[in-house]
Each structure stands twice: as C-alpha cells, then as structure tokens.
Amino acid sequence: MGWFREVKVKSEESQKSRSILVARSRLVSIRRDLENQVRSMLKEYGLLFSRAIGTQFRQHVFDLLDDGHQLRAIVEPLLAIHEQVCQEQVKLDNEVRRLARADETTRRLMTVPGVGVVTALTFRHTVDDPSRFSSATKVGAYLGLTPRRRQSGETDITGKISRWGDRLLRTYLFEAATVLVHRTKKWSTLKAWGIRLIKRIGMKKAKVAIARKIAAILHCIWVDGTIFVSGA
C-alpha cells in the first residue's frame, strides 16, 4: 500500500565482515586513546619520544621510565591493557587480510591508489550490492559526502557535507584521499586531478571531493569487473 519504504538488508556474509571491521576499528580507537593518555602523562614530566605504535610504543615508555620513577607503577597497568589490545587487533588484522585475499572484488578495489585492504573491504561489505545505485555518483550521497542544499525562493545555499550514511566507510574514504595526496608517489590521472583541485579550492574541501570521487570509481570498478588504470 506504499506505507513503508523498502530497506536493503545486507547479506549474512557482509554482516559478519562488517562486524569484524567495526570491532577492529574500536580496538584501534582504544589503542590510540591509551597511547595518547600515556604520552600526556609523560609530557607533564618533560618526557617525549618520537611517534611509535604497538610494541615500539611500550618499549619507548619503559626506556624513559626506570624502575624508580614515580610514574612507572601508574603507567604499567595502562601498558598491560595496551599490549592485550594490540594482540587482539593483530588477530583481526589477519582476518581482514584473509577476507580480502579470498574476495576477487576486494582485490580489484585495492588497485585504486590510496585504497588499502581495510578501505576496500569496508566498501565491499557496506555497499554489499552495487546494483542498489543507478549510477556511481549516487554512492557519495549515500555515504554523506555530498553538500547539503537549502533552497527557498531565490535563495540557493550549498552547505557542508550531510554526513549521512556509514561513518566508518566515510572516514576510511577520507583517509584514502589523504594517502593519495600525501603518500602515493606513483602518478595517476586521479592524483593529478586531486592536486589541481587542492590548488583551486583548498586542502580540506578537496579531500572531501577526492573521497567522493574514489567512492564513485570503486563502484564503477565493481560493476564493470575492471581494475584501476593510472592513465585512464
């Protein structure tokens, strides 16, 4: 009778993979919080060290705090939790890589510069069915990467991005845009386009546009059964 709107239910495989990805993201967040907390405590005592994660982070902290330091007894419980979180994250990282290797679509998505294992797998199992979208450009709107518009009479205001849709995938796409711009050394038409955009509209807005572009490219690759070509 048209009272309800149809809602896409993800496949059982995608639901399971999404659960793994969300759990991994939470562990990464806990690990970072612990590292930031310990760094903050050490900084109050004038103790600083270069960026490090995991085992290296704990080793740097122990190197700075000898057995007689008053912070040692306070920091040790935090580092014990940090070690356990890192061990569990490694298990999920291995599972994510296994899932990516076993899925042909995910491997093709990873050919896009800036897109790694986690981003590709998250896109694969968040979208689940690419036929949901009549065109690749609609993926950006689904993920909240398109600007809001307010229209009233002669007024037409374009605001910030809507931030609707899946926050986890939106975050990973933004990170992929950052990697493409700052870390990817291999030339591609996508990176060249992104650099030109940055010069024209600024870094922050350009990264959002690049993330939206990457989402559209991933959808096209998925539907077409192709891979990314740098000069295309």
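Structure first, text after, so check above.
1. A short note on the overall build of the protein chain
At step 1: A count of helical and extended segments in the protein chain gives nine helices and two strands.
At step 2: The N-to-C order of helical and strand elements in the protein chain reads α-α-α-α-α-α-β-β-α-α-α.
At step 3: With the C-alpha coordinates aligned to their principal axes, the bounding extent of the protein chain is approximately 70 × 45 × 40 Å.
At step 4: Taken across its 232 residues, the protein chain has 43% of its residues classed as buried.
At step 5: In the protein chain, the proportion of contacts linking residues at least 24 apart, taken out of those at least 6 apart, comes to 59%.
At step 6: Carbon and sulfur atoms make up 53% of the accessible area of the protein chain, which totals about 14,200 Å².
At step 7: Between the averaged position of the 42 positive side-chain charges in the protein chain and that of its 23 negative side-chain charges there is a distance of 9 Å.

2. Some words on the packing of helix α5 (residues 117–127) against helix α9 (residues 203–224)
At step 1: Packing of α5 against α9 brings their axes to within 11 Å, and their N-to-C directions diverge by 70°. When the axes of α5 and α9 are compared, the pair comes out roughly perpendicular. Between α5 and α9, the residues in contact are F123, R124 and V127 and A215, L218, H219 and W222, respectively.
At step 2: Looking at the contact of α5 with α9 residue by residue, the class counts come to five nonpolar, one polar and one charged.

3. Side note on the nonpolar core
At step 1: Counting 32 residues, the largest nonpolar core has V112, F123, L173, I214 and L218 as the members making the most contacts within it.
At step 2: Elements with a minimum of two residues in this core: α5, α7 (167–182), α8 (189–201) and α9.
At step 3: If you tally residues by element for this core, the top one is α9, at eleven residues.
At step 4: Apart from residues no more than four positions distant in its own chain, V112 is found in contact with L190, I214, I217, L218, I221 and F228.

4. Thoughts on the packing of α8 against α9
At step 1: Direction vectors running N to C along α8 and α9 enclose 150°, while the axes themselves pass 8 Å from each other. Between α8 and α9, the angle is such that the two are roughly antiparallel. Here α8 runs over α9; the crossing is right-handed. Across the interface between the two elements, L190, W193, G194, L197, I198 and I201 of α8 pack against M203, K205, A206, A209, I210, K213, I214 and I217 of α9.
At step 2: Grouping the amino acids of the contact of α8 with α9 by side-chain chemistry returns eleven nonpolar, one polar and two charged.

5. Considerations on the environment of A176
At step 1: Relative to the assigned elements, A176 resides in helix α7.
At step 2: Sequence separation between A176 and P113 is 63 residues, and the spatial gap between their C-alpha atoms is 8.0 Å.
At step 3: With near-sequence residues (within four places) excluded, A176 lies in contact with G114, V115, T119 and I214.

6. What about the packing of aromatic side chains?
Each aromatic ring pair is specified by the distance between its two centres and by the angle formed by the two planes.
At step 1: Across all of its chains, the model carries three aromatic pairs by this definition.
At step 2: Against the face of F49 rests R39, its NZ or CZ located 4.2 Å from the ring centre.
At step 3: Residue placement shows K213 over the ring face of W193; its charged tip is 5.3 Å from the ring centre.

7. Points about α8
At step 1: The terminal C-alpha atoms of α8, which comprises 13 residues, lie 18 Å apart, in line with the 18 Å expected from a rise of 1.5 Å per residue.
At step 2: Listed in full, the buried residues belonging to α8 are L190, K191, A192, G194, L197 and I198.

8. Side note on the pattern of salt bridges
At step 1: A complete count under the given rule lists nine salt bridges for this structure.
At step 2: Its salt-bridge partner being R98, residue E95 comes within 2.7 Å of it at the nearest N-O pair. Residue E95 and its partner R98 are both found in helix α3 (residues 72–102); the two are separated by three residues, about one turn of the helix.
At step 3: Take R98: its relative accessible area is 40%, and that puts it in the partly exposed class.
At step 4: Notably, a salt bridge pairs E104 with R108, separated by 2.7 Å at the nearest N-O pair. Pair noted here: E104 and R108 are both in helix α4 (residues 104–109), with a separation of four residues, about one helical turn.
At step 5: Given a relative accessible area of 41%, E104 falls into the partly exposed group.
At step 6: The buried category is assigned to R108, whose relative accessible area is 9%.

Procedures and definitions
Residues numbered from 1 in each chain as written. Predicted model: local features only at pLDDT ≥ 70, side-chain atom pairs only at ≥ 80, totals over all residues. Heavy atoms only, no water. Helix = DSSP H or I, 4+ residues; strand = E, 2+ residues; numbered from the N terminus. Buried < 20%, exposed > 50% of the residue type's maximum accessible area, 1.4 Å probe, protein only. Contact = heavy atoms within 4.5 Å. Areas by Shrake-Rupley, 256 points an atom, 1.4 Å probe, with all protein chains shown as cover. Lys, Arg positive; Asp, Glu negative; His and termini not counted. Charge placed at Lys NZ, Arg CZ, Asp CG, Glu CD. Axes fitted to C-alpha atoms, helices over the stretch in contact; angles between N-to-C directions. Parallel < 35°, antiparallel > 145°, perpendicular 65-115°, else oblique. Nonpolar A, V, L, I, M, F, W, Y, C, P; charged D, E, K, R; others polar. Core = buried A, V, L, I, M, F, W, Y, C linked by side-chain atoms within 4.5 Å. Left-handed = near helix turned anticlockwise from the far one by under 90°. Phe/Tyr/Trp six-rings, centres within 6.5 Å; stacked < 30°, edge-to-face > 60°. Lys NZ or Arg CZ within 6 Å of the ring centre and 35° of its normal. Expected span 1.5 Å × (residues − 1). Salt bridge = Lys/Arg side-chain N within 4 Å of Asp/Glu carboxyl O.

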